[in-house]
Amino acid sequence: MIVITAPTSQIGRQVVNTLLEADAPLRLIVRDAAKLPEHVRDRAEIVLGSHGDASLVDRAFEGADAVFWLAPPAWSQSLEDAYLAFTRPAAKAIRRHSVPRVLSITAIGRGTEWQDRAGPVTASIGMDDLLMSTGAAFRALAMPSFMENTARQAGVMKEKGRFFGPIPSDRKLPFTATRDMAAAAARLLADHGWSGQQEVPVLGPEDLSFDDQAAIISEVTGHPVRYQQISYDQFKQQFLARGTSESVAQGYVDMYRAKEEGIDNTAARTAETTGHTTFRAFCEEKLMPVFAV
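Before going into details, it helps to say that this report is about the structure given with it.

Rules and cut-offs
- Residues numbered from 1 in each chain as written.
- Predicted model: local features only at pLDDT ≥ 70, side-chain atom pairs only at ≥ 80, totals over all residues.
- Heavy atoms only, no water.
- Phe/Tyr/Trp six-rings, centres within 6.5 Å; stacked < 30°, edge-to-face > 60°.
- Helix = DSSP H or I, 4+ residues; strand = E, 2+ residues; numbered from the N terminus.
- Buried < 20%, exposed > 50% of the residue type's maximum accessible area, 1.4 Å probe, protein only.
- Contact = heavy atoms within 4.5 Å.
- 1 Å grid on protein atoms, 1.4 Å probe; cavity = no way out; pocket = protein on both sides within 12 Å on 5 of 7 lines; lining within 4 Å.
- Points joined across faces, edges and corners; volume = space filled by probe spheres on them.
- Nonpolar A, V, L, I, M, F, W, Y, C, P; charged D, E, K, R; others polar.

1. Digging into the packing of aromatic side chains
- Tallying each qualifying case throughout the model produces 12 aromatic pairs.
- Between Trp75 and Phe239, the aromatic rings sit 6.3 Å apart at their centres with planes inclined by 25°, giving stacked as the arrangement. Pair noted here: Trp75 is in the loop between strand S4 (66-69) and helix H4 (79-96) and Phe239 is in helix H10 (residues 232-241), with a separation of 164 residues, a long-range link.
- Classification of Trp75 by relative accessible area gives partly exposed; the value is 38%.
- Each member of the aromatic cluster is reached from another via a ring pair, and the members are Trp75, Tyr232, Phe235, Phe239, Tyr252 and Tyr256.

See below:
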């Protein structure tokens with residue numbers, strides 16, 4: 001039995017679909033079952049509620065062979081509450097039920113000079129420490145920025161021919177597609193043979209600058225698009241305007257400063273850590289339909 005948290009998230013839903021194709025027995029913790037496709041509801045055991053609820057995870061983790069752990073996005077609460085306080089009940093339940101294997105989605109940065117000052121990265125590493133303290137075999141799939149983060153600005157790109165961020169336009173960074181993260185997670189969850197505790201980065205095939213991204217988007221869509229750097233103050237105000245807490249807004253500033261300084265470039269690209277989805281292929285699938293309308 002594999003327990004999946006956040007099964008309607010970008011990564012979670014892809015993990016669910018891949019494991020169902022392999023006929024894996026799944027138990028899904030979800031707040032609203034109506035958000036799951038009918039074929040998923042028909043084939044998986046559903047536990048209604050939040051995976052931050054102590055009594056719920058205690059029930060859901062009973063008899064589990066593996067747990068896929070993904071903390072929900074942090075917006076109105078503090079990063080401490082969103083990652084650490086939210087995960088503590090799960091760690092207790094994992095220990096209580098002796099769950100053999102746990103896999104989390106986390107961020108690159110453990111063991112680097114930025115580990116303690118990178119906002120959500122710092123919080124996710126603390127979350128992983130809690131999960132590792134249970135003694136379960138553990139894999140942390142560590143991400144850089146997602147390609148989907150750029151795609152969120154597709155409407156602005158189409159309307160204004162620009163997308164925005166605080167990192168200099170020529171800074172080359174790794175990017176990952178959520179599909180590659182989900183594929184790596186599904187492979188590990190379906191494999192009963194691993195043990196120990198380890199962090200595994202999941203990187204895209206190449207490092208790209210935002211200028212590189214803009215050039216690829218322009219070529220793929222046939223519309224000229226450029227990247228425009230904004231100040232970190234502007235970046236923070238965008239988060240606050242969307243209703244995030246001060247902790248979250250400042251945390252994202254700290255994380256992006258760490259990315260600018262090199263935190264994501266500390267992970268080695270190897271055959272094991274490299275996904276298959278190029279940014280060009282991602283744009284052909286995700287951005288071309290937006291520009292074609």
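2. Remarks on the environment of Arg280
- Within the secondary structure, Arg280 sits in helix H12 (residues 279-286).
- Sequence separation between Arg280 and Gln213 is 67 residues; the distance between their C-alpha atoms is 8.5 Å.
- Residue contacts for Arg280: discarding those within four places in its chain leaves Ile216, Glu219 and Val220.

3. Structural notes on the layout of surface pockets
- Of the voids in this model, the second largest pocket is the one considered here, and its volume is about 300 Å³.
- Taken together, 17 residues make up the lining of the second largest pocket; nearest its centre are Ala183, Ala184, Arg187, Val202 and Glu272.
- A per-element tally of the lining of the second largest pocket places helix H8 (residues 178-190) first, with 5 residues.
- Taken together, the residues of the lining of the second largest pocket sort by class into 7 nonpolar, 5 polar and 5 charged.

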